[in-house]
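Structure assessment
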Amino acid sequence: MLSMPFPNETLSNNRVRLFGFANAGTLTGLDSAINMGSFFRSTRLAVGGGISAATPMGKLEATYAVPLRYGPRDARRSVQAGIGFTFG
């Protein structure tokens, strides 16, 4: 993940940031005989970007992702919004 302050001074001063990311992952069991070829062929890959804002309550975030490798039964959601709460 790479992030940078928003290129507008007012938003940047209010802790708004732009970010880009790449995610890759594979799910497998704990079996000792893992087939490495199958393991790498089943890897999912996505890239995307978004905007986040720090608030007194926590972080607000909106992202857009493009799945590059996915399986036939994978759920694909390109747009997502989230909120993170800060405790303590």
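Calculation rules
Along each chain, the written sequence defines residue order, and numbers are assigned to residues from 1. Two thresholds apply to this predicted model, a pLDDT of at least 70 for residue-level local features and 80 or more for giving and counting side-chain atom pairs, whereas whole-chain, interface and lining totals are computed over all residues. Derived side-chain values reflect all non-hydrogen atoms in the structure, with water molecules and hydrogen atoms excluded from consideration. Under the DSSP-based scheme used, a helix requires at least four consecutive residues in state H or I and a strand at least two consecutive residues in state E, with every element numbered from the N terminus. Atoms considered for the radius of gyration are the C-alpha atoms alone. The globule rule reads 2.2 Å times the number of residues to the power 0.38. For each residue, the accessible area found with a 1.4 Å probe, counting protein chains only, is set against the maximum for its type, and the residue is called buried under 20%, exposed over 50%, and partly exposed in between. Residues are treated as being in contact if the distance between any of their heavy atoms lies within 4.5 Å. By the counting rule applied here, Lys and Arg register as positive and Asp and Glu as negative, while His and the ends of each chain are not counted. Each charge is placed at NZ for Lys, CZ for Arg, CG for Asp and CD for Glu. Put plainly, a pocket is an open set of points on a 1 Å grid over the protein atoms alone with protein on both sides within 12 Å along at least five of seven lines, a cavity is a set where a 1.4 Å probe fits but cannot get out, and a lining residue has an atom within 4 Å of a point. Grid points are joined across faces, edges and corners, and a volume is the space filled by probe spheres set on the points. Polar here means any residue other than Ala, Val, Leu, Ile, Met, Phe, Trp, Tyr, Cys and Pro, which are nonpolar, and Asp, Glu, Lys and Arg, which are charged; Gly is therefore polar. Pairing between strands is defined by DSSP: at least two bridges between them are needed. Orientation is described by lines fitted to C-alpha atoms, with helices fitted over the stretch in contact, and by angles between N-to-C directions that extend from 0 to 180 degrees.

**Details of the overall build of the protein chain**
Scanning the protein chain from N- to C-terminus turns up two helices and five strands. Starting at the N terminus and ending at the C terminus, the protein chain contains elements arranged as β-α-β-α-β-β-β. Taking 12 Å as the expected radius of gyration for a compact globule of 88 residues, we find that the protein chain reaches 17 Å, considerably beyond that expectation. For the protein chain, the spread of C-alpha atoms along the principal axes amounts to about 55 × 30 × 20 Å. With 88 residues in all, the protein chain has 12% of them scored as buried. For the protein chain, the share of sequence-separated contacts (at least 6 apart) that also reach a separation of at least 24 residues comes to 41%. The averaged location of the 4 negative side-chain charges in the protein chain is 5 Å from the averaged location of its 9 positive side-chain charges.

**Considerations on unusual backbone geometry**
The phi angle of most residues is negative, glycine excepted, and most peptide bonds adopt the trans form. Its identity as a non-glycine residue notwithstanding, arginine 15 has a phi of 65 degrees, on the positive side. Relative to the helices and strands, arginine 15 resides in the loop between α1 (9-13) and β2 (16-25).

**Thoughts on the layout of surface pockets**
Approximately 390 Å³ is the volume attributed to the largest pocket. Lining the largest pocket we find 19 residues, and of these Ala46, Ala65, Pro67, Ala75 and Arg77 sit closest to its centre. Listing elements by their share of the lining of the largest pocket, those giving two or more residues are β2, β3 (44-54), β4 (58-69) and β5 (79-85). When grouped by side-chain class, the residues that make up the lining of the largest pocket number nine nonpolar, five polar and five charged.

**Notes on the sheet that holds strand β1 (residues 2-5)**
The strands that make up a sheet are held in pairs by hydrogen bonds between backbone atoms, and each pair lies either parallel or antiparallel. If you walk across this open sheet you meet the five strands as β1-β2-β3-β4-β5, and the pairing is antiparallel. Either end of the sheet is taken by a strand with one partner, and the two such strands are β1 and β5. This sheet shows a mean twist of 20 degrees between the axes of neighbouring strands, independent of strand direction. The pairing of β2 with β3 spans ten bridges and is antiparallel. Paired with alanine 22 across the bridge in β3 is valine 47.

Treat this as a map of the structure, not an account of what it does.
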